[in-house]
Amino acid sequence: MATDSSSPHRLSAEQARRVAVRAQLLDAPARRRGLDVLEVVRALTMVQVDLTARVAPSAELVLWSRLGGGLDRDELPARCEDQRLVEISMRLLHHDDVALHRAEMAVWPDPALHDPYEHAAWEWALDNGGCRADVLERLRADGPLPATALPDTCVRPWGSSGWSNGKNVDKLLQVLATRGEVAVAGREGRTRLWDLAERVYTDDPLPPVEVALHERGIRRLAALGVARARSAKVPGPDPDHVGEVGEPAVVEGVRGRWRVDPAQLAALEEPFEPRVALLSPLDRLVFDRKRMVELFAFDYQLEMYKPQAQRRWGYYALPVLVGDRLLGKVDATADRRAGALVVHAVHEDEPFGAETRAAVRSEIEDLAGWLGLEPVLPG
């Protein structure tokens, strides 16, 4: 690897994969560290909220992948209820990181920072100033409340050819949340409960937005290990790119330049201890599909939106991490009525050895036990 800071570090494909796996707490030593839910979320910077429960909601699967069957299933909802974890734009964030996001909310939408569609969304909200005032007043009097309990007095409907067409209140709440005026105070089942942001967020001092964005880039790179300075934008409060933080790097066999976390560069001198892990389809290791292909050469799509006849791996197949490689998928369904975790298939992209096959089975059994179900495996 390069030692001159003006030239990029040269990483082999294997080194780049190991950097990514270690940063995501998916190597064997991370499992032994005895981390708790708050520590994992802080290290990952966020955990995506998705309530699809074919196996378990994604946030729960992400935590189980790191912590294993010893994870108390009540801990995640408890940390959300006591606001130690805060939901922002369908992501759970550690409460200590909220100020870094509120700093951007305070200037949103900024001409230098935000896209034209965000400015258009704010203009739409301003055109519906009466509804905005009505929603805030209702929350002030009676919050937390679901969106269905809030008045729709919009004079200019939200127009969309997609799922948000005509959902004026839902869209207004999204805009006001981005602005830092309202926030998710909790959930009632699957339904978000909204309140005034001042009653949800702690009143911590806010850093200047430039400082906040830089710190978020540093934290994001620490969580990803290796990332592009710029990448395609993904929904939510954080992209998958990091700006010019960290150190420059090139990866063997991959075009372009990357940024790499200095702490992970130092860790490359240490032996890599692999483990087998089953991942959520929305796990940060695989969520950026372009990065996944570039670093891991892994062929994968979440197929729940495809017709059954077009699925290759299953409705909600779990990627299989073996050491520093993604080598398969587990197609499973949690049949709670039958008390079973039914494994329909284990897809091996490359033939598993006996040791890997046994480790995958052990992870399936651990997942089933954590869910309170009996594993039912094919064959």
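Residues numbered from 1 in each chain as written. Predicted model: local features only at pLDDT ≥ 70, side-chain atom pairs only at ≥ 80, totals over all residues. Heavy atoms only, no water.

J.: Would you mind showing me how to read the nonpolar core here?
T.: Generally speaking, a soluble globular protein has its nonpolar side chains buried in company with each other. Formed by 74 residues in total, the largest nonpolar core has its most connected members in L285, L326, V330, L341 and L367. In contact with L326, not counting residues within four places along its chain, are L279, L285, V286, M292, F296, F298, P319, V320 and L321. In this structure, C131, L136, A147 and A177 belong to the second largest nonpolar core, which totals 24 residues. (Core = buried A, V, L, I, M, F, W, Y, C linked by side-chain atoms within 4.5 Å. Buried < 20%, exposed > 50% of the residue type's maximum accessible area, 1.4 Å probe, protein only. Contact = heavy atoms within 4.5 Å.)

J.: Help me understand helix 14 (residues 354–371), please; the structure alone is not making it clear to me.
T.: Since there are 3.6 residues in each turn of an α-helix, residues three or four apart along the chain are aligned in direction. Between the first and last C-alpha of helix 14 there are 26 Å, a value that for 18 residues agrees with the 26 Å anticipated at 1.5 Å per step. Those residues of helix 14 that sit buried are T356, V360, E363, I364, L367, A368, W370 and L371. Mapping the buried residues of helix 14 onto a view down its axis gives an arc of 165°, with all of them on the same face. For helix 14, exposure combined with an orientation more than 90 degrees from the buried face picks out A354 and E355. In the stretch just after helix 14, G372 is the one whose phi turns positive, near 75°. (Helix = DSSP H or I, 4+ residues; strand = E, 2+ residues; numbered from the N terminus. Expected span 1.5 Å × (residues − 1). Arc of directions from axis to C-beta.)

J.: Would you explain the packing of helix 7 (residues 116–127) against helix 9 (residues 168–179) in this entry?
T.: To characterise two packed helices, one gives the angle between the axes of the helices and the distance between these axes. Put simply, helix 7 and helix 9 touch, their axes get as near as 10 Å, and they point 115° apart. The angle between helix 7 and helix 9 places the two elements in the roughly perpendicular class. Seen from above, helix 7 lies across helix 9 with left-handed handedness. Contact residues: A121, W122, W124 and A125 in helix 7; N168, K171, L172, V175, L176 and R179 in helix 9. In terms of residue class, the contact of helix 7 with helix 9 is made up of seven nonpolar, one polar and two charged. (Axes fitted to C-alpha atoms, helices over the stretch in contact; angles between N-to-C directions. Parallel < 35°, antiparallel > 145°, perpendicular 65-115°, else oblique. Left-handed = near helix turned anticlockwise from the far one by under 90°. Nonpolar A, V, L, I, M, F, W, Y, C, P; charged D, E, K, R; others polar.)

J.: Quick question: what am I supposed to make of the side chain of N128 here?
T.: Its place among the elements puts N128 in the loop between helix 7 and helix 8 (129–142). Among residues more than four places away in sequence, those in contact with N128 are C154, V155 and R156.

J.: When you look at the sheet that holds strand 11 (residues 318–322) in this model, what are you seeing that I'm missing?
T.: Within a sheet, adjacent strands bond to each other through the backbone by hydrogen bonds, running parallel or antiparallel. Pairing is mixed across the open sheet formed by five strands, whose spatial order is 10-11-12-13-14. Edge strands, defined here as strands with exactly one partner in the open sheet, are strand 10 (276–278) and strand 14 (374–376). Within this sheet the neighbouring strands show an average axis-to-axis angle of 30°, counted without direction. Bridge analysis of strand 10 against strand 11 gives three bridges, and the strand direction is antiparallel. Across the sheet, residue L278 finds its bridge partner in strand 11, namely V320. (Pairing = 2+ DSSP bridges.)

J.: Which parts of the structure should I look at to understand the sheet that holds strand 2 (residues 47–48)?
T.: Judged by pairing direction, the sheet is antiparallel, and its three strands sit side by side in the order 2-4-3 without closing on themselves. Lying at the two open borders of the sheet, with one neighbouring strand each, are strand 2 and strand 3 (85–88). Sheet topology places strand 2 next to strand 4 (residues 91–94); two bridges connect them, and they run antiparallel. The partner of V47 across the bridge, within strand 4, is L92.

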